[in-house]
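Understanding the architecture of this molecule
Listed here are the chains, written in short residue letters.
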Amino acid sequence: MGIDAKIDMKGVELTEAAAKRIAKILGDEPGKIGLRVSVEGGGCSGFSYRFDLADSRNDDDVAIEKDGALVLIDDLSLVYMGGSVIDFVDDLIGQSFQIKNPNAVASCGCGTSFSI
């Protein structure tokens, strides 16, 4: 029960645009089951997001499923990402996954690095 309560308090949302893009990517990648999003030390603001295609689910992964898309976030990364929204943006600058993180007090121009 403790884990479920923590996940409910620190949930991460997936937009429809992100779900569609992830489902399309996974459809083109046999053997991959989801998009893994993690937080690592480094980047120009202190922490950075990492996006990888996953072929398995770890014991400490929290899974977010929407419209045929699966996002996996490890328990430690979830601490830094609680309340975030994962979106996919397609504009004149290009296409990218973006994370709107309410915990971040600063971010860099590339959108993949932040500080808490």
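Refer to the structure presented above.
The text that follows walks through the structure, step by step, so that each part is easy to find. (Residues numbered from 1 in each chain as written. Predicted model: local features only at pLDDT ≥ 70, side-chain atom pairs only at ≥ 80, totals over all residues. Heavy atoms only, no water.)

Another point: the overall build of the protein chain. The secondary structure content of the protein chain amounts to three helices and nine strands. Start at the N end of the protein chain and walk to the C end: the helices and strands fall as α-β-α-β-β-β-β-α-β-β-β-β. Here the protein chain holds 116 residues, and the buried ones make up 36% of them. Taking as baseline every contact in the protein chain between residues at least 6 positions apart, the subset at least 24 positions apart corresponds to 51%. Carbon and sulfur atoms make up 52% of the accessible area of the protein chain, which totals about 6700 Å². (Helix = DSSP H or I, 4+ residues; strand = E, 2+ residues; numbered from the N terminus. Buried < 20%, exposed > 50% of the residue type's maximum accessible area, 1.4 Å probe, protein only. Contact = heavy atoms within 4.5 Å. Areas by Shrake-Rupley, 256 points an atom, 1.4 Å probe, with all protein chains shown as cover.)

On to the nonpolar core. Leu14, Ile22, Val37, Val71, Ile73, Met81 and Ile86 are the most contacted members of the largest nonpolar core, which has 21 residues in total. Secondary structure elements with two or more residues in this core: helix H2 (16–27), strand E2 (34–41), strand E4 (61–66), strand E5 (69–74), helix H3 (75–81), strand E6 (85–91) and strand E7 (94–100). Among the elements that take part in this core, H2 stands out by supplying four residues, more than any other. Not counting chain neighbours up to four residues away, the residues in contact with Val71 comprise Leu14, Ile22, Leu35, Val37, Val62, Ala63, Ile64 and Ile86. (Core = buried A, V, L, I, M, F, W, Y, C linked by side-chain atoms within 4.5 Å.)

What follows covers the sheet that holds E7. Remark on secondary structure: sheet strands pair via backbone hydrogen bonds, oriented parallel or antiparallel. Taken together, three strands build an open sheet; the order of strands is E1-E6-E7 and the sheet is mixed. In this open sheet, the two edge strands, each paired with only one partner strand, are strand E1 (13–14) and E7. Bridge analysis of E6 against E7 gives seven bridges, and the strand direction is antiparallel. What sits directly across from Val89, in E7, is Ser96. (Pairing = 2+ DSSP bridges.)

Time to look at the pattern of salt bridges. Counted by the stated rule, this structure contains six salt bridges. Here Lys24 ties to Asp28 by a salt bridge, and the two come within 3.5 Å at their closest N and O atoms. The partner of Arg50 in a salt bridge is Glu40, with the nearest N and O atoms 3.4 Å apart. With Arg50 in strand E3 (residues 47–54) and Glu40 in strand E2, this residue pair connects regions lying ten residues apart in the sequence. (Salt bridge = Lys/Arg side-chain N within 4 Å of Asp/Glu carboxyl O.)

Within the structure shown, the criterion is met by three aromatic pairs. With a centroid separation of 5.9 Å and an interplanar angle of 25°, the aromatic rings of Phe51 and Phe97 are classed as stacked. With a gap of 46 residues between them, Phe51 in strand E3 and Phe97 in strand E7 connect regions that are remote in the sequence. You can call Phe97 buried: its relative accessible area is 15%. By way of ring pairs, the aromatic residues Phe51, Phe88 and Phe97 are connected into one cluster. (Phe/Tyr/Trp six-rings, centres within 6.5 Å; stacked < 30°, edge-to-face > 60°.)

Counting buried positions along E2 gives six out of eight residues, so the element sits mostly inside the fold. Where E2 and E3 come together, eight bridges link them in antiparallel fashion. Residue pairing across strands places Arg36 opposite Asp52, the latter belonging to E3.

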